[in-house]
Amino acid sequence: MNMQKKDVMIALDFPTKADTLAFLDQFPADEKPFVKIGMELFYAEGPDVVREIKARGHKIFLDLKLHDIPNTVGHAMSVLSQLDVDMVNLHAAGAGEMMRAALEGLTRPDGARPLLIAVTQLTSTDSNALKNELLIDTPMAETVLSYAQNAAKNGLDGVVCSPLEAALVKERCGAGFLTVTPGIRFADSEVGDQKRIMTPANAAVNGCDYLVMGRPITKAADPLAAYRRAVKDFLGK
Ligand code: C5P
């Protein structure tokens, strides 16, 4: 299941299907980037936007971060699996039984399934919120790593993490455990609201498997050139 294939994903953070397709239309017919569809576009346009982008030949990471009781997550994952997406995710905080139900729901009759990735702690949760609101006394770094380890133990394929954490995650969870990393910026691009950033070339060195890049590509004057630059820096081709 673990198709260890490094790639650059473009975060399609657009409000409508029309904006999204207009963006994708800039790519030539034989160049189909792996894309990430998040809650905003999915909730606005529903599963049809996923089907349409899939039919155009793109691989899709459907970033909906499921978190509910095992029965509900299992059934919801079964619906997402039928959309023929390539990667989905859930919150590791849902714990082992939920993760195993998700895997079962995702698995298609022929045994194939999308990759299943865990969110450990949202990067918007700081140490203060972890301790005083979530009542977790374990330091942030250790919390993230032990959530990742629990995801690996329960059969998940990897985690979303900062590129700065990728090497540590691999060390703790094994080289084959995938790291999907946002927070990627070219050395000369705007940082925006991302704080803990890395270039595509350094992300490759640090053991990142899938780079998630939004604005450095979607807001570039020439998105196609920016995408190709990211692929070249990351994969060396
Ligand atoms: O535009 P930018 O490259 O910052 O986009 C990064 C993408 O990764 C966005 O879709 C954002 O929601 C997502 N993401 C993130 N940080 C996380 C988890 C997801 O930036 N910790």
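Before reading further, recall that the structure is shown in the block above.
Residues numbered from 1 in each chain as written. Predicted model: local features only at pLDDT ≥ 70, side-chain atom pairs only at ≥ 80, totals over all residues. Heavy atoms only, no water.

Let us look at the site of the ligand. Taken together, Ala11, Asp13, Lys36, Thr123, Pro182, Arg185, Gln194, Val212, Met213, Gly214, Arg215 and Pro216 make up the full set of residues near the ligand. At 2.9 Å, a side-chain N or O of Thr123 approaches a nitrogen atom of the ligand. Arg185 is positioned such that a nitrogen or oxygen atom in its side chain is 2.8 Å from an oxygen atom of the ligand. In isolation the ligand has 470 Å² of accessible area, and contact with the protein removes 78% of it. If you list the elements that add at least two residues to the shell around the ligand, you get strand S8 (210-213) and helix H10 (215-218). For the shell around the ligand, a count of residues per class yields five nonpolar, three polar and four charged. (Near = heavy atom within 4 Å. Polar contact = N/O pair within 3.5 Å; in protein donor to acceptor, adjacent residues only side chain to side chain. Areas by Shrake-Rupley, 256 points an atom, 1.4 Å probe, with all protein chains shown as cover. Helix = DSSP H or I, 4+ residues; strand = E, 2+ residues; numbered from the N terminus. Nonpolar A, V, L, I, M, F, W, Y, C, P; charged D, E, K, R; others polar.)

Before going further, it helps to spend a moment on the pairing of S8. Residue alternation in S8 divides its side chains into two sets, Tyr210 and Val212 and Leu211 and Met213, and both sets are buried. Bridge count for strand S1 (residues 7-11) against S8 is four bridges, and the pairing is parallel. Bridging across to S8, Val8 finds its partner in Leu211. Here strand S7 (residues 178-181) pairs with S8 via two bridges, running parallel. Residue pairing for S8: Val180 is matched across the bridge by Tyr210. In this view, the connection linking S7 to its parallel neighbour S8 by way of helix H9 (residues 200-205) has right-handed handedness. (Buried < 20%, exposed > 50% of the residue type's maximum accessible area, 1.4 Å probe, protein only. Pairing = 2+ DSSP bridges. Right-handed = clockwise from strand over helix to strand, strands pointing away.)

For strand S2 (residues 34-38), the tally of buried residues reaches five of five residues, placing the bulk of the element in the interior. Burial of the side chains of S2 extends over both faces: Phe34, Lys36 and Gly38 are buried on one face and Val35 and Ile37 on the other. Across three bridges, the pairing between S1 and S2 is parallel. The residue bridging Met9 from the neighbouring strand is Phe34, located in S2. In the classification by handedness, the crossover that spans S1, the intervening helix H1 (residues 17-24) and the parallel S2 is right-handed. In this sheet, strand S3 (residues 60-66) lies alongside S2 in parallel orientation, the contact comprising four bridges. Following the sheet pairing, Gly38 is matched in S3 by Asp63.

Turning our attention to the pattern of salt bridges. Applying the stated criterion across every chain yields a total of 16 salt bridges. The salt bridge involving Asp84 is made with Arg108; its shortest N-O contact spans 3.7 Å. Highlighted residues: Asp84 in the loop between helix H4 (70-82) and strand S4 (87-91) and Arg108 in the loop between helix H5 (95-106) and strand S5 (115-119), separated in sequence by 24 residues. Judged by its relative accessible area of 22%, Arg108 falls in the partly exposed class. Connected via shared salt-bridge partners are Lys6, Lys170 and Asp209. (Salt bridge = Lys/Arg side-chain N within 4 Å of Asp/Glu carboxyl O.)

This brings us to the side chain of Thr218. Topologically, Thr218 is positioned in helix H10. Since its relative accessible area comes to 18%, Thr218 is described here as buried. With near-sequence residues (within four places) excluded, Thr218 lies in contact with Ile10, Ala11, Phe14, Phe23 and Pro223. (Contact = heavy atoms within 4.5 Å.)

Right, let's talk about H1 for a bit. Every buried residue of H1 is accounted for by Thr20, Leu21, Phe23 and Leu24. In an axial view of H1, the angular spread of the buried residues amounts to 155°, which keeps them on one side of the axis. On its buried face, H1 is in contact with S1, S2, helix H2 (39-45), helix H3 (47-55), H10 and helix H11 (223-235). (Arc of directions from axis to C-beta.)

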